[in-house]
Amino acid sequence: MDFQPDPPARAPEPAAAPPAADPRPAATTAKEKALWLLEQLVPGTGVNNLGLALQVSGRLRPDVLGAALAVVAGRYEVLRTVFRARGAELHKDVVPAGEFAVPVEPLELSGGPVADDLTAFVDRPFPLDGRPLIRVGTAATADGDLLCVAVHHLVFDMVSVGVLLQALIPVYDAVAAGRPLPAEATAPVPALAEPEPRPADLDHWRQALDGFDPTGLDLWCGTPRGRQPMLAGASTTRTLGPAAQQAAVALQRAVRAPTGAVMLAAYAALLAAHGAGPDLVIGSPVDVRGGQSGAIGYHVNVVPIRIRVDLAGGFRDLARQARDAFLGAMAHARTPVDEITAGLPGIGTSWQTQLFRHLFNFLPDRPVGELRVDGMPARLLAVQNPHSKFDLELVGSPAGAELMLRHSETLTRDGADALLARFEDLLVAAAQDPDRPLAVTAGWSAADRATVERAHTAAASGQPAAVDAAFRARAHSAPADPAVLDGVQALDYGQVDASADAVRDLLAAAGIRAADVVAVAAPPAAATAAALGCWRAGAVCLPLDPAEDPALLARRARQAGAKAVVTGPGLHLPADADPPPVLPLPAPAAGKSTAPGDASGAAPAPDTTAGLLPADEDAGRPAGTALSHAALAATAADLARELGVRPGTCVLSLARPGTAEALLDTALALTTGGRLVTAPEQARGDADALHAVAQQHTAGVLVVPPGTPPALLEDLGGRLPGLTVLAAGDDLSPRAVQELLAADCRLYTGYSTPQSAGWALLGRVTTPDGTRGGRPVAGTRAFVAAPDGRELPVGVRGELCLVRAGTAPGEAGEPRHRTGRTAQWQPDATLTWHPRTAPGAATATEPAEGAAADDPLVADLVGIYRELLGADADATAHTHFFDAGGHSLLAAVLTQKVEDLTGTALQLRDVFDHPTPAALAARVRG
């Protein structure tokens, strides 16, 4: 039998062989304590269990298997090592060979995938109460017998898999044939005593890790890691295509580094492109058996490899840095990681201060020989571990084209697949130009680019070049159709058309020229005609709210450089406010049938400015935002297609005059032949009044601007069945969504900011938790940006940025708007944006400021916190144990002290779930 699984990289041989193992049980090591503490975080699971399985083509003999296991366990002292957990202490012992038996039990098969049954068998926890840490199960299948072995990580590692099989199968064969056992099959093998760390090794690691901050290891993809351990895991694999395989070989030659360093550098670049770093420490497993390669036990050290990633630099420099860091780590690999972290400030064993969260496991090539058990062909089966102790682990080998990514379930399988695809594309791009900046080559795959491109081409084309052109066509074909109603005035299409011509003539007589800014402060119906008149005169419309203070209106007109202010009846701007020339609106003109080509003067060019939204210094907008004719028409046409606005559709608008939303609602209705009804002031905050207006005008579409209180739609409830509603996602509460969907309403979510000049994102809402997702509307480009401005791919969190085609600040500047909101692309080509976090929000585990300080139990717990954390922590009833410097080892001591104090036994997980004295007191009482 010539089989051994691929082990981790092996550390260099020491200068002298390690001393012989002491036959007496050793004290519990820091490594063993760390494994024990980790297991307490997920009680009831085998987070530290390893497994191997064989599919034998024939039938195994249970009596022979039991005898063979007894022989092997008798040889290996480590397999007979047992542990007992007592409070915050862990004790170990070795059971004499004659008193030790390996349990062999039926392996239950569910009828489903065999891989799931193997995982379930291996994942069953081992109680640390002195019982064996190895068990064996067998089951009969149509293809022969299954053999599954589960072993605890305290006495086993993956290298031990091959050693165990090499020891077990020859003994099984001999017993089955009635032959004497070979001498080498019965020789005792004492536990391997790993050498003490050398001072030179410790010095190396202190220098290599000096100044490292582990808080910079979070990734921007998947679920945020948070304070609580999430150890559920999964894995995904990808076979590199021919181009990537060739790229890896080419890079090895170009950068003069081994394949392992090339893959490590690509992994580091990938991590940095997804938010970790740029100062990274990546763990790499190393076999530290030295010359005793036949030892069973946990003899793998995970060495830290520190790499500083400069995304402005090229792959060549990064690969050489990775090469040097990897070789340096291998030269000092015999120092246990626990010894390394013990003396480093800011690094410990708590969940948030681990030295590394990402692993790189580059396995050496090793052929797998033929497996036979008692002459029967057998094959090794993979047993998946449903846990992941790290955020990510990349596994590969020099010759293998297959990569495996083991990951915490904070990352979805789709997210893991996407990372591997980006890894492959990174190799190809780096090989084409090893000196090209990593900011360009790292982080995106072809699939990412296709998804984002699809998001921006989802809106159909065919919109008119300008709003006035679409309006004129409707006014010509149906001049008597209702156009706009504001509670004061009702105008049909012909009347609006004629009134727009009158405004055009008024502006011409006042000397207004093309591109001049004209402010309009009038009720909605009159303001609609005035805006169209401005555009027919070639002017830029600055809409204002006539309900605002006249002095403020005058100031805004001056700030925008308006050449005139068109006002409605009853509005007078004070002379001492120094307003631009005031032009009272002419009386509504009688309707007329206008041919589409009858307009005097040339139509405005699509890329010229149609509207200028007023500046608002209080809101941080010292300059207005311009919106082109093409952008306004494109957005209106896209909204109309999505919301189903057609000739005759009543669009009920809650937007206030002078806002981008009001301008868009006007364009939405009047470019499609719909009718615009602007809600009166009372209906903007009263559901009964809004319901009455909607019923009176048979509203088909209700547009609710951002900032509207969620209670309005909650109270409106299901009283308008079949209504189409567009509202800001931030203003849609779960109750409002449930009520509207139950009433068979078509509900849409939108995202809008003043700088984006109205709705920029739009999406259909089908569930209460789907209120913050949509695609960019036509005329808007959206992207997710890293802090350095790089665009981020699908599934990676960053800042939502918007670029509206044809928009720019009123003064010269970049039309790119950073919203300050966290967002990420989804695989379906939509964007989700995250809610704003209210400052000072209480955590789920923190009870409400008041009586906690007077609670005697809380006071006792505060005393324990001060004892464990030190006087500098200045513990109070609401001190977070881990934020104040606590770690897993101290947490275990804390649970023991709490049990001594209260008689209540706590799990280590309880401290993570209830990290303050006040919360922990509530847990003890609960």
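Just so it is clear, the model here is predicted, and its values are computed rather than measured.

Participant: So what exactly am I meant to see when it comes to the overall build of the protein here?
Facilitator: From N to C terminus, the protein includes 25 helices and 35 strands. The burial tally for the protein puts 54% of its 926 residues in the buried class. Split by element, the accessible area of the protein, about 37,400 Å² in all, is 54% carbon and sulfur.

Participant: Just checking my understanding: could you explain the pattern of salt bridges for this structure?
Facilitator: A pair can form between side chains of opposite charge whenever their charged atoms are brought close. Evaluation of the coordinates by the stated rule reveals 40 salt bridges. The partner of Asp129 in a salt bridge is Arg131, with the nearest N and O atoms 2.8 Å apart. Of the residues examined, Asp129 reaches a relative accessible area of 37% and is grouped as partly exposed. Classification of Arg131 by relative accessible area gives partly exposed; the value is 49%. Among the salt bridges present, the one from Lys897 reaches Glu867, with a minimum N-O distance of 3.1 Å. One end of the pair, Lys897, is in helix 23 (residues 888-902); the other, Glu867, is in helix 22 (residues 856-869), and 30 residues separate them in sequence.

Participant: Got a minute to help me understand the sheet that holds strand 12 (residues 371-373) in this structure?
Facilitator: Sheet strands pair by backbone hydrogen bonding; their relative direction is either parallel or antiparallel. Read from one edge of the open sheet, 6 strands run 5-6-7-2-13-12, paired in mixed fashion. Two strands lie at the open edges of the sheet, namely strand 5 (104-106) and strand 12, each paired on one side alone. When the angles between neighbouring strand axes are averaged without regard to direction, this sheet yields 30°. In this sheet, strand 13 (residues 376-381) lies alongside strand 2 (residues 49-56) in antiparallel orientation, the contact comprising 4 bridges. Across the sheet, the residue bridging to Leu54 is Leu380, located in strand 13. With respect to the sheet, helix 3 (residues 114-123) is in contact with strand 2, strand 5, strand 6 (134-141), strand 7 (144-152) and strand 13, its orientation differing from that of strand 7 by roughly 35°.

Participant: Would you mind showing me how to read the side chain of Arg504 here?
Facilitator: Along the chain, Arg504 turns up in helix 14 (residues 493-509). Here Asp505 takes part through its side chain, which lies 3.2 Å from a polar atom of the side chain of Arg504.

Participant: Whenever I open this one, the confidence of the model for the protein confuses me. Can you help?
Facilitator: Reading predicted coordinates in detail is not appropriate for stretches of low pLDDT. On average, residues of the protein score 87 in pLDDT, and 89% of them reach the 70 mark or higher. Note on residues 1-7: pLDDT is under 50 here. Beyond four places in sequence and across chains, it has 31 contacts. Counted against residues more than four places away or in other chains, residues 809-814, with its pLDDT under 50, gives 7 contacts.

Participant: How should I be thinking about the environment of Gly763 in this particular structure?
Facilitator: Along the chain, Gly763 turns up in strand 29 (residues 758-765). Given a relative accessible area of 8%, Gly763 falls into the buried group. Between the C-alpha atom of Gly763 and that of Pro776, which follows or precedes it by 13 residues, the distance is 8.8 Å. Not counting residues within four places of it along the chain, the set of residues in contact with Gly763 comprises Leu747, Tyr748, Thr749, Gly773 and Gly774.

Participant: Explain the packing of aromatic side chains to me, please; I cannot follow it from the model alone.
Facilitator: For any pair of aromatic rings, the description rests on two quantities: the centre-to-centre distance and the angle between the ring planes. Under the criterion given, the structure shown has 8 aromatic pairs. Centre to centre, the rings of Phe360 and Phe362 are 5.7 Å apart; their planes meet at 10°, and the pair counts as stacked. Like Phe360, the residue Phe362 is buried in the burial classification. Relative to Trp833, the ring of Tyr751 lies with its centre 5.5 Å away and its plane at 55°, an arrangement referred to as tilted. Taken as a pair, Tyr751 in strand 28 (residues 746-753) and Trp833 in strand 35 (residues 831-833) lie far apart in primary sequence, 82 residues in all. No difference in accessibility class separates Tyr751 from Trp833, as the two residues are buried. Taken together through their ring pairs, the aromatic side chains of Tyr865, Phe881, Phe882 and Phe912 make up a single cluster. Of note, Arg135 hangs over the ring of Phe121, and the distance from its end group to the ring centre comes to 5.4 Å.

Participant: Teacher, can you tell me more about the pairing of strand 7 here?
Facilitator: Most of strand 7 sits out of view: 9 of its 9 residues are buried. Two strands pair when backbone bridges link them, and strand 2 and strand 7 are joined in this way by 8 bridges, in the antiparallel orientation. In the strand pairing of strand 7, Leu54 is matched with Leu147. The pairing of strand 6 with strand 7 spans 8 bridges and is classified as antiparallel. Considered in strand 7, the bridge of Ala139 is made with Leu146. Linking two consecutive strands that pair antiparallel, namely strand 6 and strand 7, is a turn of 2 residues.

Participant: Before we go on, may I ask you to explain empty space enclosed by the protein in this structure?
Facilitator: Rolled over the atoms, a probe sized like a water molecule indicates the empty space that remains. Volume-wise, the largest cavity comes out at about 330 Å³. Lining the largest cavity are 28 residues, with Ala527, Thr528, Ala662, Leu663 and Thr666 sitting closest to its centre. For the lining of the largest cavity, the secondary-structure elements that each account for two or more residues are helix 15 (524-536), strand 19 (540-544), helix 18 (660-670) and strand 25 (675-678). Taken together, the residues of the lining of the largest cavity break down into 19 nonpolar, 6 polar and 3 charged. Taken as a whole, the second largest cavity holds about 100 Å³ of empty space. Taken together, Asp218, Leu219, Cys221, Thr223, Pro224, Arg225, Asp391, Leu392, Thr410, Leu411 and Arg797 make up the lining of the second largest cavity. Here the lining of the second largest cavity is built from residues that sort into 5 nonpolar, 2 polar and 4 charged.

Calculation rules
- Here the residue numbers are simple positions, counted from 1 along each chain's written sequence.
- Given that the model is predicted, a residue must reach a pLDDT of at least 70 before its local features are reported, and side-chain atom pairs must reach 80 or more before they are shown or counted; all residues, however, enter totals for whole chains, interfaces and linings.
- Note that water and hydrogens are dropped before the side-chain values are worked out from all heavy atoms of the structure.
- Strands here mean DSSP runs of E at least two residues long; helices mean DSSP runs of H or I at least four residues long; both are numbered from the N terminus.
- Whether a residue is buried, partly exposed or exposed follows from its accessible area with a 1.4 Å probe, protein chains only, as a fraction of its type maximum: under 20%, in between, or over 50%, in that order.
- Computed with a 1.4 Å probe, the accessible areas rest on the Shrake-Rupley method; for each residue, only the protein chains presented here act as cover.
- For this document, the term salt bridge refers to a Lys or Arg side-chain nitrogen within 4 Å of an Asp or Glu carboxyl oxygen.
- By definition, two strands form a pair when at least two bridges between them are found by DSSP.
- Helix axes are fitted to C-alpha atoms over the stretch in contact, other axes to C-alpha atoms as well, and angles between N-to-C directions run from 0 to 180 degrees.
- Should any heavy atoms of two residues lie within 4.5 Å, those residues are considered in contact.
- Polar contact criterion, stated in full: a pair of N or O atoms within 3.5 Å, where within protein one must be able to donate a hydrogen and the other to accept it, and residues adjacent in sequence count only if both atoms are side-chain atoms.
- Scored from 0 to 100, pLDDT reflects the predictor's confidence in each residue.
- Each Phe, Tyr or Trp ring (for Trp, its six-membered ring) is paired with any other whose centre lies within 6.5 Å, and the angle between the two planes then decides the class: stacked below 30 degrees, edge-to-face above 60, tilted in between.
- Both a distance and an angle decide whether a charge sits over a ring: NZ of Lys or CZ of Arg must be within 6 Å of the ring centre and within 35 degrees of the ring normal.
- Space inside and on the surface of the protein is sampled on a 1 Å grid over the protein atoms alone, with a cavity defined as a set of points where a 1.4 Å probe fits but cannot get out and a pocket as an open set with protein on both sides within 12 Å along at least 5 of 7 lines; lining residues have an atom within 4 Å of a point.
- Grid points are joined across faces, edges and corners, and a volume is the space filled by probe spheres set on the points.
- In this classification, Asp, Glu, Lys and Arg are treated as charged, Ala, Val, Leu, Ile, Met, Phe, Trp, Tyr, Cys and Pro as nonpolar, and every other residue, Gly included, as polar.

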